[in-house]
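# Coordinate analysis (summary)
Here is how the chains run, residue by residue.
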Amino acid sequence: MAASDAFYLEVQGEVNTVLDELGTDYTVRAPGTYDEDELENVPGATRTVTGLVADQQTVLQLAGDAGATWVATKTLILKADAAPLPGEEVQVDSQWFPLSKLVPIKPAEITVVYLLDVSR
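Residues numbered from 1 in each chain as written. Predicted model: local features only at pLDDT ≥ 70, side-chain atom pairs only at ≥ 80, totals over all residues. Heavy atoms only, no water.

## Structural notes on the sheet that holds strand β6 (residues 89-92)
Paired through their backbone hydrogen bonds, the strands of a sheet run either parallel or antiparallel. The criterion, for reference: At least two DSSP bridges between two strands are needed for those strands to be called paired. Elements are defined by DSSP. Helices are runs of H or I of four residues or more, strands are runs of E of two residues or more, and each kind is numbered from the N terminus. Helix axes are fitted to C-alpha atoms over the stretch in contact, other axes to C-alpha atoms as well, and angles between N-to-C directions run from 0 to 180 degrees.
Overall, antiparallel pairing links the seven strands, which are arranged β7-β6-β1-β4-β5-β9-β8 in an open sheet. One side of each edge strand has no neighbouring strand; the edge strands of this open sheet are β7 (95-98) and β8 (103-105). Looking at each pair of strands side by side, their axes are set apart by 40° on average, direction ignored. Inspection of the sheet shows strand β4 (residues 46-55) paired to strand β5 (residues 74-79) by five bridges, in the antiparallel sense. The partner of A54 across the bridge, within β5, is T75.

As structure tokens, then:
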């Protein structure tokens, strides 16, 4: 474990505390499967993740502290434990967004948060 890991794990804990207090639960769905016997699509499993939708100014402040840049006008900030899996989508304001587009903010190989552009 690098010396900086402890610092970023502490930052991650602080971010998680803020998101737990001010955030919202969002639904994540896995891709469905096709049931050949029944000739229908079976919906994928769902789970919840905790996050917060922020405007551009807030996200720039967070991302800038980690040395990143960001251009989205509306961004979903998710806790590091969101752990996206291939093909999953998250629902924000009644629209589904692919988690494959998540950008991890991970200085020193410690994921602090994930950012997802939900401006459309």
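## What to know about the pairing of β4
Judged from the six bridges that link them, strand β1 (residues 24-29) and β4 form a sheet pairing that is antiparallel. Within the sheet, the bridge partner assigned to T27 lies in β4 and is T48.

## Quick word on the packing of aromatic side chains
The geometry of two aromatic rings is summed up by the distance between their centres and the angle between their planes. In plain terms, the rule: Each Phe, Tyr or Trp ring, with Trp reduced to its six-membered ring, pairs with another whose centre is within 6.5 Å; inter-plane angles below 30 degrees give stacked pairs, above 60 give edge-to-face pairs, and intermediate values give tilted ones. Three exposure classes are used, based on accessible area relative to the maximum for each residue type with a 1.4 Å probe and protein chains only: buried under 20%, partly exposed in between, and exposed over 50%. Consider the ring centre and the ring normal. A charge sits over the ring if Lys NZ or Arg CZ is within 6 Å of that centre and within 35 degrees of that normal.
Following the criterion strictly, the structure yields one aromatic pair and no others. Where F7 meets Y8, the ring centres are 5.0 Å apart and the plane angle is 75°; that geometry is what we call edge-to-face. Of the residues examined, Y8 reaches a relative accessible area of 23% and is grouped as partly exposed. Its end group placed over the ring of W96, R29 keeps NZ or CZ at 3.8 Å from the ring centre.

## Some points on helix α1 (residues 3-22)
An α-helical turn contains 3.6 residues, so any two residues separated by three or four positions project in the same direction. Where we set the bar: Here the expected length of a helix is defined as 1.5 Å per residue gap, with one fewer gap than residues. Directions are taken from the helix axis to each C-beta atom, and the arc is the one they span.
Between its terminal C-alpha atoms α1 stretches 30 Å, which fits the 28 Å expected from 20 residues at 1.5 Å a residue. For α1, the set of buried residues is D5, Q12, N16 and L19. The buried residues of α1 all sit within an arc of 70° when viewed along its axis, so they share a single face. Exposed residues lying more than 90 degrees from the buried face of α1 are A3, E10, E21 and L22.

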